[in-house]
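# Chain and residue survey
Listed below, chain by chain, are the residues.
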Amino acid sequence: MIELGVNSVLFGGFDFATACKYIKLAGYDGVEISAIKGMCEHLVLDNWREQVDEIRRIVDENGLKILSMEVASLDEDRLTKAFEASSVLGIPVVNVGPGGKSDIPEDLENSIAKLKKMSEKAEEYGVTLCVKAHVGSAIYNTPTTLYAMSKIDSKAFGIDMDPSHIYRSGENPEEAILKVLPRVRHIHIRDCKGRTSGPGTPFMQICGRGDINLVAFCKNLVDGGYSGPVCLEIIGALQLSLPEVVLIASESYGYLNAIFKQLGVR
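Residues numbered from 1 in each chain as written. Predicted model: local features only at pLDDT ≥ 70, side-chain atom pairs only at ≥ 80, totals over all residues. Heavy atoms only, no water.

## Focus on the packing of helix 7 (residues 173-180) against helix 8 (residues 214-223)
For the pair helix 7 and helix 8, the least separation of the axes is 8 Å and the interaxial angle reads 20°. Relative to helix 8, the element helix 7 is oriented roughly parallel. Considering how the two elements wind past one another, helix 7 and helix 8 form a crossing that is right-handed. Contacts between helix 7 and helix 8 involve Pro-173, Glu-174, Ile-177 and Leu-178 from the former and Ala-216, Phe-217, Asn-220 and Leu-221 from the latter. (Axes fitted to C-alpha atoms, helices over the stretch in contact; angles between N-to-C directions. Helix = DSSP H or I, 4+ residues; strand = E, 2+ residues; numbered from the N terminus. Parallel < 35°, antiparallel > 145°, perpendicular 65-115°, else oblique. Left-handed = near helix turned anticlockwise from the far one by under 90°. Contact = heavy atoms within 4.5 Å.)

## Description of the environment of Leu-181
Here Leu-181 lies in the loop between helix 7 and strand 8 (184-189). Considered as a pair, Leu-181 and Leu-221 are 40 residues apart in the sequence and their alpha carbons are 7.6 Å apart. Sequence-distant contacts of Leu-181, defined by excluding residues within four places in its chain, comprise Asn-220, Leu-221, Gly-224 and Tyr-226.

## Comments concerning the nonpolar core
If you look at the biggest cluster of nonpolar residues, it comprises 85 residues, and the most contacted ones within it are Leu-10, Met-69 and Phe-260. A total of eight residues in this core trace back to one element, the largest contributor, which is helix 9 (residues 242-262). Excluding residues within four positions of it along the chain, Phe-260 makes contact with Ile-2, Leu-4, Cys-218, Leu-221, Val-222, Val-230, Val-265 and Arg-266. (Core = buried A, V, L, I, M, F, W, Y, C linked by side-chain atoms within 4.5 Å. Buried < 20%, exposed > 50% of the residue type's maximum accessible area, 1.4 Å probe, protein only.)

## Here's the deal with the packing of helix 3 (residues 76-89) against helix 4 (residues 105-124)
At their nearest, the axes of helix 3 and helix 4 sit 10 Å apart, and the two run at 25° to each other. Classified by the interaxial angle, the pair formed by helix 3 and helix 4 is roughly parallel. As helix 3 packs across helix 4, the resulting crossing turns out to be right-handed. Contacts between helix 3 and helix 4 pair Glu-76, Leu-79, Thr-80 and Phe-83 from the former with Lys-117, Met-118, Lys-121 and Ala-122 from the latter.

## Remarks on the packing of aromatic side chains
For any two aromatic rings, the description comes down to two numbers: the centre-to-centre distance and the angle of the planes. Applying the stated rule across the entire model yields two aromatic pairs. Here the aromatic rings of Tyr-28 and Tyr-253 are separated by 5.0 Å at their centres, their planes lie at 65°, and the arrangement is edge-to-face. Taken as a pair, Tyr-28 in the loop between helix 1 (16-25) and strand 2 (30-36) and Tyr-253 in helix 9 lie far apart in primary sequence, 225 residues in all. Taken individually, Tyr-28 and Tyr-253 each receive the classification buried, so the pair is uniform in this respect. When the centroid spacing of 6.3 Å and the interplanar angle of 40° are considered together, the rings of Phe-83 and Tyr-125 count as tilted. (Phe/Tyr/Trp six-rings, centres within 6.5 Å; stacked < 30°, edge-to-face > 60°.)

## Some points on the environment of Met-1
Along the chain, Met-1 turns up in the segment before strand 1 (3-7). Taking the relative accessible area as the measure of exposure, Met-1 reaches 56% and is therefore exposed. With 224 residues separating them in the primary sequence, Met-1 and Gly-225 have C-alpha atoms 9.6 Å apart. Ignoring anything within four residues of it in the chain, the contact list for Met-1 reads Ser-227, Gly-228, Val-265 and Arg-266.

Any link to function would need more than the numbers given here.
Given below as structure tokens:
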């Protein structure tokens, strides 16, 4: 079955308890806890042990699961702490970006080398490390994703498919998902207007408001046998009010839940 969640970065202007309360009220099954340094650290990796009891209490009180964690960075020290925290908290997936710059062969090879090394470490902790193609980075489209997949054979390595980045790299996500699906272990989802470098305002990232064919994307995802987290990831919302971020989460839930119910996986 598909589990719907929200990356807590959407609630970066509020504490984790507030985020979980409204994520649950919006209808979601779980949360992706943000540990992104400099953007949103609902989980502070440098002292994660001190947060364990509080995080468990918050998610339990709200009847949520922690579906994943986003660290973004490939820094070895931070990722090691993320794997340790995930092992204790029962978080199955840690998501990162690839780093580097597009179309620079050395950057692509360096990114793959880091991902390979950290995937092997993730395996020791029983955690899956996922990377997503990211506009402007070393891995940024389907060909570079497939190349990384061919070079990393760890069972703890997976793809975090984000249709927004694939769309903005000039591809159609509903077609691209079919090519990488065997290694997809996590979905980051949002919409966007146009094929620009950024996804637009938070309100243009609401699922159903942009240009991506998310209906076809979700259908191909389900038809291909995917079963796992689908987490809404909205960036740029730090200055928004609580009603505004709740609106974003709620409208996206209604759209995604309706699609997945129609597909028989909700």
